[in-house]
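Working through the structure, step by step
Each chain, letter by letter, is given below.
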Number of protein chains: 2
Amino acid sequence: MPLTRIHNFSISLDGFATGEPQSAEAPFGHAGQRLHQWMMATRYWAADGTTGVDDAFAERHTPGIGAEIMGANKFGPPGWHDDPDWKGWWGPNPPFHTPTFVLTHHARPPLEMEGGTTFHFLEATPAEALATAREAAGDQDVRIGGGPTVVRDFLAAGLVDHMHLVQVPIVLGRGVRLWDGLEAVEQAFDVEAVSSPSAVTHLTFTRKAP
Amino acid sequence: MPLTRIHNFSISLDGFATGEPQSAEAPFGHAGQRLHQWMMATRYWAADGTTGVDDAFAERHTPGIGAEIMGANKFGPPGWHDDPDWKGWWGPNPPFHTPTFVLTHHARPPLEMEGGTTFHFLEATPAEALATAREAAGDQDVRIGGGPTVVRDFLAAGLVDHMHLVQVPIVLGRGVRLWDGLEAVEQAFDVEAVSSPSAVTHLTFTRKAP
Ligand SMILES: NC(=O)c1ccc[n+]([C@@H]2O[C@H](COP(=O)([O-])OP(=O)(O)OC[C@H]3O[C@@H](n4cnc5c(N)ncnc54)[C@H](OP(=O)(O)O)[C@@H]3O)[C@@H](O)[C@H]2O)c1
Ligand SMILES: NC(=O)c1ccc[n+]([C@@H]2O[C@H](COP(=O)([O-])OP(=O)(O)OC[C@H]3O[C@@H](n4cnc5c(N)ncnc54)[C@H](OP(=O)(O)O)[C@@H]3O)[C@@H](O)[C@H]2O)c1
């Protein structure tokens, strides 16, 4: 049975997955690149990067994934849907290379990009969106790509099988929190923590057998 | 120069250091003992306990400490100050064994207990309370014993030299948060993270040299 997976999802000590305000100049607001510096230092990201535990986790992002689901605020800054030419942050060849489903109340026709990524826009419940993405993914897994609002909704709906979080030792103070409304969510998972010499801690949530 | 230290301060993934509601029956509210199970499993707590990384951190609570400062809500449940016989949660011989300063707006005369603990009750700013505790501690360090409101106030005032937090992989959802109002507090510290086979992660904050 294919899985629903989350990878490399980075949060601050106080649980924020993005700062504020989000804008075209600052996709993560006042957080800047601080939530993802650990990843940009790995070989997964840069040819001369590190190859230890951070890299081992980072590179699991891609293999075995047949579709991604993301939220409207990951796809673009506030107001992107008023720009008919907006095609996402990632240039002509986005790093998804699969059908990619953007949850939004401002649907538009699909966008076929280079390298295998096609953006599909849909308004649907998490369960409906997952069924659609599963069909597109064939026998491969579906990744929930974020942002925090979408991750939270899929967790609350009990739809996540594997979640890799990266806790970065900074206190952001403001932005969008991951954990709100998720009291006791850990009880459905086996949780493992491993800290890295880079000072981040990798948290792995594996859904318990039913 | 003596230090101001915090030890074994346990928080959930979402940053709560206690659940709710606090009461005589449930000092940590709906959190129960979940925030401190890691510590109760160590030899520091029980003769047949574990002796690994959790124990190594836990036992640093006591040596070199000459006084503790705690908040009114650590000293007792809501309403304790209406009970003239309330002497804290810990029985006749509390585990502090030093002068212990209880910050409260309901001061009362000092309480001398067995084993070296004397509770002093005072209304003072964090800096004033620290000066008083320092004097009582002589050449030894002062521990900030919690709860989260008091820890937060001492962090915000820049008065903490060493902080040991223990992050427990549970999502409490409600209670009293540690991190509120502490945006960027980590910038004054070197931060180290080490996760334990018990699944908790020890975070050590060491104040940077000025
Ligand atoms: N920390 C990380 O690892 C990480 C990972 C990915 C992204 N991010 C960051 O997270 C931020 C975005 O997160 P976010 O929580 O603000 O937003 P988000 O989760 O990306 O998107 C939420 C938005 O998606 C649309 N949406 C969600 N569910 C829907 C549904 N069922 N049907 C229709 N539309 C739906 C709604 O937008 P509309 O109503 O406007 O259409 C909603 O406001 C960005 O800053 C991004 O860079 C961080
Ligand atoms: N997770 C852990 O490791 C840990 C450690 C210790 C305690 N705890 C738990 O934390 C909870 C208590 O934390 P909390 O944040 O609710 O409260 P707290 O920090 O223990 O105490 C706050 C209270 O202390 C008094 N106070 C604080 N600063 C003062 C000042 N400058 N001057 C005078 N009075 C002052 C005020 O009470 P009044 O106005 O009523 O006097 C204030 O409401 C308890 O459940 C306890 O079991 C957890």
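Computed from a predicted model, the values in this text were never measured in an experiment. The residue numbers shown here count from 1 along each chain, following its written sequence. Note on labels: chains are lettered from A, ligands numbered from 1, in written order. Given that this is a predicted model, residues contribute local features only at a pLDDT of at least 70 and side-chain atom pairs are listed and counted only at 80 or more, while totals for whole chains, interfaces and linings are drawn from all residues. Side-chain calculation: all heavy atoms of the structure are included, whereas hydrogens and water are not.

A few points about the sheet that holds strand E11 (residues 201-207) of chain B
All names here are of chain B. As a reminder, the rule being used: When DSSP finds at least two bridges between two strands, those strands are taken to pair. Only DSSP runs of H or I reaching four residues or more are called helices, and only runs of E reaching two or more are called strands; each is numbered from the N terminus. Any two residues having at least one pair of non-hydrogen atoms within 4.5 Å are treated as being in contact. Note on definitions: angles span 0 to 180 degrees between N-to-C directions of axes, and those axes are lines fitted to C-alpha atoms, for helices only across the stretch in contact.
Taken in spatial order, the nine strands of this open sheet run E5-E6-E4-E3-E7-E1-E8-E11-E10, and their pairing is mixed. The open sheet has two edge strands, strand E5 (111-112) and strand E10 (189-195), and neither has a second partner. Bridge count between strand E3 (residues 65-71) and strand E7 (residues 141-146): five bridges; the pairing is parallel. Looking across to E7, one finds that Glu-68 is bridged to Arg-143. In the packing of helix H4 (residues 126-137) onto the sheet, contacts are made with strand E1 (4-12), E3, strand E4 (99-103), strand E6 (118-122) and E7, and the angle to E3 comes to roughly 150°. Running at roughly 135° to E7, helix H5 (residues 148-156) makes contact with E1, E3, E4, E7, strand E8 (162-168) and E10 of the sheet.

Here we look at the UniProt feature "domain: Bacterial bifunctional deaminase-reductase C-terminal" (unreviewed entry) in chain A
To keep it simple, the criterion reads: UniProt positions are given in the numbering used here, feature names are shortened, and annotations may be inferred rather than shown by experiment.
Under the local residue numbering, the UniProt record ascribes the feature "domain: Bacterial bifunctional deaminase-reductase C-terminal" (unreviewed entry) to residues 6-185 of chain A. Annotation note: span residues 6-185 of chain A, helix share 19%, strand share 24%, distance between end C-alpha atoms 15 Å.

Side note on the relation of the copies chain B and chain A
Selection criterion: The fit set for superposing copies consists of C-alpha atoms from residues with pLDDT of at least 70 in both; the fit itself is least squares.
Expressed as a screw transformation, the operator carrying chain B onto chain A has a rotation angle of 180° and an axial translation of 0.0 Å, and the superposed copies differ by an RMSD of 0.0 Å. Accordingly, the operation relating the two chain copies is best matched by a two-fold axis. Closest to the rotation axis within chain B is the C-alpha of Ser-195 of chain B, separated from it by 2.7 Å. When the interface residues of chain B are mapped onto chain A, 100% of them are again interface residues, pointing to one common binding face.

Overview of unusual backbone geometry
The condition is simple: Exposure classes here rest on a 1.4 Å probe applied to the protein chains alone. A residue is buried below 20% of its type maximum, exposed above 50%, and partly exposed in between.
For the peptide bond that leads from Glu-20 of chain A to Pro-21 of chain A, omega is -15°, which places it in the cis range. Residue Gly-146 of chain A is joined to Gly-147 of chain A through a cis peptide bond whose omega torsion reads -10°. Mapped onto the elements of the fold, Gly-147 of chain A is located in the loop between strand E7 (141-146) and helix H5 (148-156). Residues other than glycine seldom take positive phi values, yet Ala-184 of chain A does so here, at roughly 65°. Tracing the sequence through the fold places Ala-184 of chain A in the loop between strand E9 (176-177) and strand E10 (189-195). In this structure Ala-184 of chain A comes out as partly exposed when scored by relative accessible area, which is 24%. Here Asn-8 of chain B, not a glycine, exhibits a phi torsion of approximately 60°, which is positive. Examined against the element boundaries, Asn-8 of chain B turns out to sit in strand E1.

Considering the packing of aromatic side chains
Within a pair of aromatic rings, the relevant descriptors are the distance that separates the centres and the angle that separates the planes. Convention followed: Within 6.5 Å between ring centres, the rings of Phe, Tyr and Trp (the latter by its six-membered ring) count as paired, and their orientation is classed by plane angle as stacked under 30 degrees, edge-to-face over 60, tilted in between.
Taken as a whole and assessed by the stated rule, the structure comprises 22 aromatic pairs over all chains. Ring geometry for Trp-90 of chain A and Phe-96 of chain A: centres 4.9 Å apart, planes at 85°, overall edge-to-face. Taking relative accessible area as the criterion, Trp-90 of chain A reaches 24% and is therefore assigned partly exposed. Accessibility expressed as a relative area gives 5% for Phe-96 of chain A, which makes it buried. Ring geometry for Trp-179 of chain B against Phe-205 of chain B: centres 6.2 Å apart, planes inclined by 40°, an arrangement best described as tilted. Here Trp-179 of chain B is found in the loop between strand E9 (176-177) and E10, whereas its partner Phe-205 of chain B is found in strand E11, with 26 residues between them in sequence. Of the two residues examined, Trp-179 of chain B and Phe-205 of chain B, each falls in the buried class. Among the aromatic residues, ring-to-ring pairing joins Phe-75, Trp-80, Trp-90, Phe-96, Phe-119 and Phe-121 of chain A into one connected group.

Section: the site of ligand 1
Residue and element names in this part refer to chain A. For clarity, the cut-off: In these notes, residues near a molecule or strand are those with any non-hydrogen atom within 4 Å of it. Pairs of N or O atoms are called polar contacts if they sit within 3.5 Å, as long as, within protein, a hydrogen donor faces a hydrogen acceptor (for residues adjacent in sequence, only side-chain-to-side-chain pairs). Areas reported here follow the Shrake-Rupley algorithm with a probe of radius 1.4 Å; residue values treat only the protein chains shown as occluding. Throughout this entry, Asp, Glu, Lys and Arg are counted as charged residues, while Ala, Val, Leu, Ile, Met, Phe, Trp, Tyr, Cys and Pro are counted as nonpolar. The remaining residues, Gly among them, count as polar.
Near ligand 1, the surroundings consist of 25 residues, among which Pro-27, Thr-104, His-105, Ala-124 and Thr-149 are the closest. Between Thr-104 and ligand 1, the recorded distance is 2.8 Å, taken from a side-chain N or O atom to an oxygen atom. At 3.5 Å from an oxygen atom of ligand 1 is found a main-chain nitrogen or oxygen belonging to Pro-148. Alone, ligand 1 offers 940 Å² of accessible surface; in the complex the protein occludes 86% of this. Looking at the shell around ligand 1, the elements that each hand over two or more residues are strand E1 (4-12), strand E2 (16-18), helix H3 (72-75) and H5. Its residues assigned to classes, the shell around ligand 1 comprises 10 nonpolar, 13 polar and two charged.

A few points about the site of ligand 2
All names here are of chain B. Taken together, 25 residues lie near ligand 2, and Ser-10, Pro-27, His-105, Ala-124 and Thr-149 sit nearest. Within the backbone of Pro-148, a nitrogen or oxygen atom sits 3.5 Å from an oxygen atom of ligand 2. Between ligand 2 and Val-150 there is a distance of 3.1 Å, counted from an oxygen atom to a backbone nitrogen or oxygen. Protein chains shield 86% of the accessible area of ligand 2, which is 940 Å² for the free molecule. Elements represented by at least two residues in the shell around ligand 2 include exactly E1, strand E2 (16-18), helix H3 (72-75) and H5. By residue class, the composition of the shell around ligand 2 is 10 nonpolar, 13 polar and two charged.

Section: the sheet that holds strand E6 (residues 118-122) of chain A
Residues and elements named next belong to chain A. Within the open sheet, the nine strands sit side by side as E5-E6-E4-E3-E7-E1-E8-E11-E10. Their pairing is mixed. Two strands close off the open sheet at either side, each with one partner strand: strand E5 (111-112) and E10. Where E5 and E6 come together, two bridges link them in antiparallel fashion. Residue pairing across strands places Glu-112 opposite Thr-118, the latter belonging to E6. Taken strand by strand, helix H4 (residues 126-137) contacts E1, strand E3 (65-71), strand E4 (99-103), E6 and E7, and its axis lies near 150° from that of E3. Strand contacts of H5: E1, E3, E4, E7, strand E8 (162-168) and E10, with the helix running at about 135° to E7, the strand carrying the most contacts.

Here we look at the interface of chain B and chain A
The condition that has to hold: Joining two parts hides part of their accessible area as seen by a 1.4 Å probe, and the buried area is that hidden amount summed over both. Salt bridges are defined by distance alone: a side-chain nitrogen of Lys or Arg within 4 Å of a carboxyl oxygen of Asp or Glu.
Listed as interface residues are 28 residues of chain B and, on the opposing side, 28 residues of chain A. Of the roughly 2100 Å² buried between chain B and chain A on both sides combined, carbon and sulfur atoms contribute 52%. Of all residues in chain B, Leu-13, Val-171 and Glu-183 of chain B give up the largest surface area on contact with chain A, accounting jointly for 29% of the area buried on that side. In this assembly, chain B and chain A are joined by five salt bridges. In this structure, the salt-bridge partner of Arg-177 of chain A is Asp-180 of chain B, at a minimum N-O distance of 3.8 Å. Of all the elements in the fold, those that place two or more residues in the side of chain B that touches chain A are E10 and E11 of chain B.

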